[in-house]
Amino acid sequence: MFSFVVVAHALAGAVALVSLWVPLLARKGGDAHRRAGRVYAYAMGAVSLTALVACALRVVEGDPERVRFAALLALVALLAPTVFGSLGIALWSRRYRAR
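Residues numbered from 1 in each chain as written. Predicted model: local features only at pLDDT ≥ 70, side-chain atom pairs only at ≥ 80, totals over all residues. Heavy atoms only, no water.

Below, the discussion takes up the packing of aromatic side chains. This structure, assessed with the given rule, holds zero aromatic pairs. When the ring centre of Phe 2 is taken as reference, the NZ or CZ atom of Arg 58 above it lies at 3.9 Å. (Phe/Tyr/Trp six-rings, centres within 6.5 Å; stacked < 30°, edge-to-face > 60°. Lys NZ or Arg CZ within 6 Å of the ring centre and 35° of its normal.)

Attention now goes to helix H2 (residues 31-61). When the terminal C-alpha atoms of H2 are compared, their 45 Å separation across 31 residues agrees well with the 45 Å that a helix rising 1.5 Å per residue should span. Looking one or two residues beyond H2, the residue adopting positive phi is Gly 62, at roughly 90°. (Helix = DSSP H or I, 4+ residues; strand = E, 2+ residues; numbered from the N terminus. Expected span 1.5 Å × (residues − 1).)

A cluster of nonpolar residues, Phe 69, Leu 72, Leu 73 and Val 76, forms a patch on the protein surface that exposes about 370 Å² of accessible area. Locating Leu 72 in the fold gives a position in helix H3 (residues 64-97). Since its relative accessible area comes to 46%, Leu 72 is described here as partly exposed. (Patch = residues over 30% accessible without salt bridge, like charges linked within 9 Å, V, L, I, M, F, W, Y side chains within 5 Å. Areas by Shrake-Rupley, 256 points an atom, 1.4 Å probe, with all protein chains shown as cover. Salt bridge = Lys/Arg side-chain N within 4 Å of Asp/Glu carboxyl O. Buried < 20%, exposed > 50% of the residue type's maximum accessible area, 1.4 Å probe, protein only.)

Once that is clear, we can look at the environment of Leu 17. For Leu 17, the position within the fold is in helix H1 (residues 2-25). For Leu 17, a relative accessible area of 57% gives the class exposed. Residues Leu 17 and Ala 43, 26 residues apart in the sequence, show an inter-C-alpha distance of 9.0 Å.

In total, this model carries one salt bridge according to the counting rule given. Residue Asp 31 is joined to Arg 34 by a salt bridge in which the shortest nitrogen-to-oxygen separation is 2.8 Å. Placement of the pair is Asp 31 and Arg 34 together in helix H2, with a separation of three residues, close to one helical turn. On the basis of relative accessibility, which here comes to 45%, the residue Asp 31 falls in the partly exposed class.

Okay, H1 next. Across its 24 residues, H1 extends 36 Å between first and last C-alpha, which sits within 8% of the 34 Å expected from 1.5 Å per residue. Of the positions making up H1, those classed as buried are Val 5, Ala 12, Gly 13, Ala 16, Ser 19 and Pro 23. Buried residues along H1 sit in contact with H2. (Contact = heavy atoms within 4.5 Å.)

A word on the environment of Val 76. Take Val 76: it is sitting in helix H3. Separated by 28 residues in sequence, Val 76 and Ser 48 have C-alpha atoms that sit 9.0 Å apart.

Here we come to the packing of H1 against H2. Look at H1 against H2: their axes get within 8 Å of each other, and the N-to-C directions meet at 155°. With respect to H2, the axis of H1 lies roughly antiparallel. Handedness of the H1/H2 crossing: left-handed. Its residues assigned to classes, the contact of H1 with H2 comprises 21 nonpolar, six polar and one charged. (Axes fitted to C-alpha atoms, helices over the stretch in contact; angles between N-to-C directions. Parallel < 35°, antiparallel > 145°, perpendicular 65-115°, else oblique. Left-handed = near helix turned anticlockwise from the far one by under 90°. Nonpolar A, V, L, I, M, F, W, Y, C, P; charged D, E, K, R; others polar.)

Spelled out as structure tokens, the structure:
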């Protein structure tokens, strides 16, 4: 089970890395930009979800060292999307308030 989760995590990360470049290089606000941005957001959601599942599987194993490390990784998996998502929304809204 853990191996399947790791493979899913890696595949979602690869999709996110590939789809990242389209919104960065495409015309801002265009169809390609929006579609690829949506793919990127879903892929990063899958990365976070599979990270949390992998952490939970490590906790179930019960090895104290792995439990502590899994707790740290779970914290990162929970905080990173929240922090970066909030930052993106804040910068986006500030940009449009300045107009």
